[in-house]
Amino acid sequence: MNADSVIHVRYALQRGEFALEVDFDLPLRGISGVFGASGAGKTSLLRCIAGLERPATGKLVVAGDVWQDDVSNTWRAVHERDIGYVFQEPRLFAHLDVRGNIEYGLRRREHNGAPDIDHIISLLGIEQLLGRKPNELSGGEAQRVAIARALLCAPRFVLMDEPLASLDQARKEEILPFLDRLHAEAEVPIIYVSHNIDEVCRLCDHLVVMDIGRVVADGDVQSVLVRMDLPILAGEEASSVIHGTAISHDDNDDLTRLKFSGGDIWVPGKPKPQGSKVRLRIRAGDVSLSRTRAEQSTILNIVPAVVESIQPDQGASALVRLEIGTDQIVARVTRRSIRELALQQGDEVFAQIKSVAVRAP
Amino acid sequence: MNANTLFGPLWLSVQLAAITTIVLMIVATPIAWWLARTASRWKPVVQTTVALPIVLPPTVMGFYLLILLGPGGAIGSWWVELTGNALTFSFLGLVIASCLYSLPFAVQPLVVAFESLGQRNLEAAWTLGASRMDAFFSVALPLSVRGYLSAVVLSFAHTLGEFGVVLMVGGNIPGETRVISIAIYDQVNHSTIWLHISCRHCYLSWPSSRCSQCSISTDGGKRDECRQRHSRSLCVATRRVRT
């Protein structure tokens, strides 16, 4: 990656029993997910990048600008770093109304060129809330205001620390569409910390997986998700992401046909304009395998695939990585089925995909 | 007691309390901020020192201050050298003494306010481009308004009501150090009120100068007679009669 378009991060931080030790690059575009279990050091990493923690040794270079370097003793204080930060809780200022809150950062970072205020306000759907006080907002509304506030200080990039973690499922569903829109429309890069694989599959382009203070995987989201050797990505939630293009819609059955590298796939509902790019999330548990193409099956999507590798998973199941066209997906099958079908690397099979979640790319 | 003899001291007291409160808000803010946020091992030491005026008898504290601020004391002699005036028995001396005396009443509510404010709002302000100072004035201060309100009320009231310290350090100079508490003490000390409030029966008959039980005039030296009439120790405190 070109040095002008990456954030180079190197930190070593010791806090009691916990040690953070990372050295990697993040792309300065799209949404980069930082994924890991609780206690993996995701929040510590984010706080270091923001300058809220000062580790003993560390280096942070943003698009060629050195923000922090213990060797040359460079240190930019938090307020001198052009970042936006969305915390787990909204942390709105109770003495200011919503407008006062979102203008707080705006007034202090004017030098970056004024961002399009109205665009961001409408992007997050907070037009109606501007005159209200933070204590008159629901949890979801408050978090949307917090996101707008972070975006409006015209940051080089935005750090989001599990912005949905403190919300219940209904509130999450309320905010996720706004994050989708942000992903599609806003140009500002986002570093998104999460321990929720759903959010990662839905939003992220790049993925960093952390475990006990270290980076264990790092790359674009498709290739990291199909790595079956990482316990955190295996298990019940194992999924893969592929990109497709909407090509037609069957009005009778309300199905949309999507084209991807390995063939066509039918998904229910939501006709997309022809030619639009979509992101498909396929859970490993929704993919089954057969040696021959099943005739008279209720499963619509049956695509030819090649077994790339097989990895035993917990209990009776195993994960099988398949190559479909230039894409890869993961299937969860029982170990018995693997034995009975005598599946081996390089075998040609048919992947039966029962359901697919579709998102904007 | 009449209005004129009390108005001057009352006004002086209000001035003293107001100036003390303003000075205290400026002085107590950094102390409280530090106390609320530090993890230093000196914290308990500073905390105890600040709280000392609460437990120290006012006259004792006034005595120490008299020594410290007097022309022979460490601060007093320096001040004399600098300005030619003594700090003791002056209004400025009173302000200094009052500030020290009311310091815990200003610091404590602010510490509570700053502690409940926590780190979260400040971190949010920093990430939005506010320097530490900016974040203090634009976020911490407005969110601690209640703490400041109680600090102001407590400091003002406590200064208004102080007696021992002002008497020791300021004395009783009309227009300079004669504040309302001193003036009231002075009035009571030099009047016949003592007589009337010291005997239950005499008190009932006040303001006439006769005991309601025995109709003996309690002015002058007839306390023994009155006392003998109804109980052993009711009319004991006529010691300061001055008519």
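**Q** Which residues make up the overall build of chain A, and what are the values?
**A** Tallying secondary structure elements over chain A gives eight helices and 21 strands in all. Scaling as 2.2 N^0.38, a compact globule of 361 residues should have a C-alpha radius of gyration of about 21 Å, and chain A matches this with 22 Å. Oriented by its inertia axes, the alpha-carbon framework of chain A measures out at about 65 × 50 × 35 Å. Scored against the burial criterion, the 361 residues of chain A give a buried share of 43%. At a minimum sequence separation of 6, the contacts of chain A that also span at least 24 residues come to 67%.

**Q** Kindly report on the sheet that holds strand β16 (residues 287-290) of chain A, identifying the contributing residues and their values.
**A** All names here are of chain A. Spatially, five strands are ordered β16-β20-β17-β18-β19 in an open sheet, and the strand pairing comes out antiparallel. With partners counted over all chains shown, the strands left at the sheet margins are β16 and β19 (327-334), one partner each. The sheet shows a mean angle of 45 degrees between the axes of neighbouring strands, direction not considered. In this sheet, strand β18 (residues 317-324) lies alongside strand β17 (residues 301-312) in antiparallel orientation, the contact comprising six bridges. Residue pairing in the sheet places V307 in a bridge with L322 of β18.

**Q** Explain the sheet that holds strand β12 (residues 239-250) of chain A to me, using residue names and the numbers behind them.
**A** Residue and element names in this part refer to chain A. Across the sheet, five strands lie side by side as β14-β13-β12-β15-β21; this open sheet has antiparallel pairing. Lying at the two open borders of the sheet, with one neighbouring strand each, are β14 (263-268) and β21 (357-359). Sheet twist, expressed as the mean angle between neighbouring strand axes with direction ignored, is 40 degrees. In this sheet, strand β13 (residues 255-260) lies alongside β12 in antiparallel orientation, the contact comprising five bridges. Bridge assignment links H249 to a residue of β13, and that residue is T256.

**Q** Tell me about the environment of V333(A), residues and numbers included.
**A** Residue and element names in this part refer to chain A. Looking at where V333 falls in the secondary structure, it is placed in strand β19. Each C-alpha atom, one on V333 and one on D313, is 9.5 Å from the other, the two residues being 20 residues apart in sequence. Other than its neighbours up to four places away in sequence, V333 contacts S288, L289, S317, A318, V320 and I338.

**Q** I'd like a description of the interface of chain A and chain B, backed by residues and values.
**A** Taken together, the contacts link 17 residues of chain A with 13 residues of chain B. Where the side of chain A that touches chain B is concerned, the elements lending two or more residues are β7 (83-86) and α2 (98-108) of chain A. Of the residues belonging to the side of chain A that touches chain B, the class tally is 10 nonpolar, three polar and four charged.

**Q** Can you tell me about the pairing of strand β3 (residues 31-35) of chain A, naming the residues and giving the values?
**A** Looking along a regular strand, one sees the side chains alternate between the two faces of the sheet. Residue and element names in this part refer to chain A. Counting buried positions along β3 gives five out of five residues, so the element sits mostly inside the fold. Alternating residues of β3 divide into I31, G33 and F35 and S32 and V34, and every residue in both groups is buried. Note that β3 and strand β9 (residues 190-194) share five bridges and pair parallel. Directly across from S32, in β9, lies its bridge partner I191. The pairing of β3 with strand β10 (residues 206-211) spans four bridges and is parallel. Among the inter-strand pairings, S32 is bridged to a residue of β10, identified as H206.

What counts as what
- Residues numbered from 1 in each chain as written.
- Chains lettered and ligands numbered in written order.
- Predicted model: local features only at pLDDT ≥ 70, side-chain atom pairs only at ≥ 80, totals over all residues.
- Helix = DSSP H or I, 4+ residues; strand = E, 2+ residues; numbered from the N terminus.
- Rg over C-alpha atoms; globule rule 2.2 N^0.38 Å.
- Buried ≥ 20, exposed ≤ 12 C-beta atoms within 10 Å, placed from the backbone.
- Contact = placed C-beta atoms within 7 Å.
- Pairing = 2+ DSSP bridges.
- Axes fitted to C-alpha atoms, helices over the stretch in contact; angles between N-to-C directions.
- Nonpolar A, V, L, I, M, F, W, Y, C, P; charged D, E, K, R; others polar.

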